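Tertiary structure, described
Below, each chain spelled out in residue letters.
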Amino acid sequence: MRYIGNKTKLLDFIENTIREFEPNLEDKIFCDLFSGTASVAKHFKNKCGKIISNDYEQYSFVLQKNYIGNNVDEDFTAIIERYNKCSGIHGALTEALSPAGSEGRMFFTEYNARKIDAIRSMLEKEKESGIINDNQYYFLLCSLLESADKYSNTTGVYGAFLKKFNTRSSSKLELEAYLPEFCDTESEAYRADSNSLIKDITGDVLYLDPPYNNRQYSSNYHVLNYICEPNNINIKVDKHNKESKTALGEYNISKYSRKAEALKTFEDLISNSAFKKIFISYNDEGIMSLQEVKEVLEKYGAYHLRTKEHKRYKSNKNTESKKVIEYIHILIKE
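Residues numbered from 1 in each chain as written. Predicted model: local features only at pLDDT ≥ 70, side-chain atom pairs only at ≥ 80, totals over all residues. Heavy atoms only, no water.

A short note on the pattern of salt bridges
For the coordinates displayed, the defined rule picks out 18 salt bridges. For glutamate 126, the salt bridge goes to arginine 82, with nearest N and O atoms at 2.5 Å. With glutamate 126 in helix H6 (residues 110-129) and arginine 82 in helix H4 (residues 77-84), the pair connects residues that are 44 residues apart, well separated along the chain. Take arginine 82: its relative accessible area is 33%, and that puts it in the partly exposed class. Ionic pairing is found between glutamate 267 and lysine 299, a salt bridge with its closest N-O pair at 3.2 Å. In this pair, glutamate 267 sits in helix H12 (residues 262-272) while lysine 299 sits in the loop between helix H13 (290-298) and strand E6 (301-311), placing the two residues 32 residues apart along the sequence. Salt bridges linked by common partners bring Glu22, Asp27, Lys28 and Lys277 together as one network. (Salt bridge = Lys/Arg side-chain N within 4 Å of Asp/Glu carboxyl O. Helix = DSSP H or I, 4+ residues; strand = E, 2+ residues; numbered from the N terminus. Buried < 20%, exposed > 50% of the residue type's maximum accessible area, 1.4 Å probe, protein only.)

Shown next, in the form of structure tokens:
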């Protein structure tokens, strides 16, 4: 999935840094507290004794429930074909996100939006009737999110749609199987405020990847949340509402994305953590400066820093890719 701040290309750097301070992960509890697409939690799933993952966004919770929560090797792929054969319907997603709706939005073609609606409807009916179990439900819903994202008429985020459908977004959506890795690792997946959840969990390694600028994941990926919960679409539509074009309704604003609140919120999380070893991904463009993060962490134990230069995420292909310095702040808590 195209995603702001995705750590897929930095996974080796993250693992090497963590293993420098915790080489034996096999029996350890690893927590990914700001999970996003769950790429970090997935990477460590078969390397640890237990994985805890969390994110406030509903789409992330669905990804976690499949990639982290699904550990039993069931017949997932066979049901994909059955869902791919369903006929499209004009539902809430078609109305809100396609040209067939009253507002004429172009996040998806009418065909693809109708197919997404049909799959969502079929998912709920088969879950309620017991035809599919919870594991299969989250596998299918995760696969729908991942598949739909490939056909979206956007540059990578959902803050706006393109004025014309390109070759990719015009293609007919096919539901692909996004299988989890099956292993014996225990797992817990949460959808919660990180600063609240940290008071209720404990473990060995805590990995933090909080928002680092004022871009809001809730508003940039609201369309994925709509696919998760099509009955909860609530868009304010009027002539004076500029957000109407983007289908944006109420959305969460992270305190980590506000200069006035980020540092205080960060220290609150660190102070309430029961994890001894904490690793924080951040970069040199973040709201909190290198020195500010260092000063907070030094209050609670031994501080270390590792850095790596890499290319930052860009959603527009015409935008020059700028290099940034990725920090991993390390705290060995006293």
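Thoughts on the sheet that holds E6
Strand order in this open sheet of seven strands is E3-E2-E1-E4-E5-E7-E6, and the pairing throughout is mixed. Pairing within the sheet leaves two strands with one partner each, and these edge strands are strand E3 (186-190) and E6. Across the sheet, the mean angle separating the axes of adjacent strands is 15° when strand polarity is ignored. Sheet analysis places strand E4 (residues 205-208) next to strand E5 (residues 277-283), joined by four bridges and oriented parallel. Looking at the pairing, valine 205 lines up with lysine 277 of E5. Each of E5, E6 and strand E7 (323-333) touches H13; the most contacted strand, E6, lies at about 150° to it. (Pairing = 2+ DSSP bridges. Axes fitted to C-alpha atoms, helices over the stretch in contact; angles between N-to-C directions. Contact = heavy atoms within 4.5 Å.)

As for the environment of serine 218
With respect to the secondary-structure elements, serine 218 resides in helix H10 (residues 217-220). When its relative accessible area of 8% is taken as the criterion, serine 218 is described as buried.

Thoughts on the environment of tyrosine 251
For tyrosine 251, the location among the structural elements is in the loop between helix H11 (222-228) and H12. C-alpha separation for the pair tyrosine 251 and isoleucine 233, spaced 18 residues apart in sequence, amounts to 11 Å. Setting aside anything within four residues of it in sequence, one finds tyrosine 251 in contact with Gln216, Ser218 and Ser219.

A short note on the pairing of E4
What you see with E4 is no split at all: Val205 and Tyr207 on one side and Leu206 and Leu208 on the other are buried throughout. Looking at chain direction, strand E1 (residues 29-32) and E4 are connected through three bridges and run parallel. For cysteine 31, the partnering residue across the bridge sits in E4 and is leucine 206.

Brief notes about H13
When we look at burial in H13, the residues that qualify are Val293, Val296 and Leu297. Projected onto a plane normal to the axis of H13, the buried residues spread over an arc of 95° and lie on a single side. Along its buried surface, H13 packs onto H12, E5, E6 and E7. (Arc of directions from axis to C-beta.)

As for the packing of aromatic side chains
What describes a pair of aromatic rings is the distance from one ring centre to the other and the angle between the planes of the rings. Applying the stated rule across the entire model yields 16 aromatic pairs. Taking 5.2 Å as the distance between ring centres and 85° as the angle between the ring planes, the aromatic pair formed by tyrosine 137 and tyrosine 138 counts as edge-to-face. Here tyrosine 137 matches tyrosine 138 in class, with each residue buried. Aromatic side chains tyrosine 212 and tyrosine 282 sit 6.4 Å apart centroid to centroid with 80° between the ring planes, which places their arrangement in the edge-to-face category. (Phe/Tyr/Trp six-rings, centres within 6.5 Å; stacked < 30°, edge-to-face > 60°.)

Some thoughts on unusual backbone geometry
The phi dihedral of alanine 38 is positive, around 70°, even though this residue is not glycine. Looking at the element boundaries, alanine 38 is found in the loop between E1 and helix H2 (39-44). Non-glycine residue alanine 247 carries a positive phi angle of around 65°. Looking at the element boundaries, alanine 247 is found in the loop between H11 and H12.

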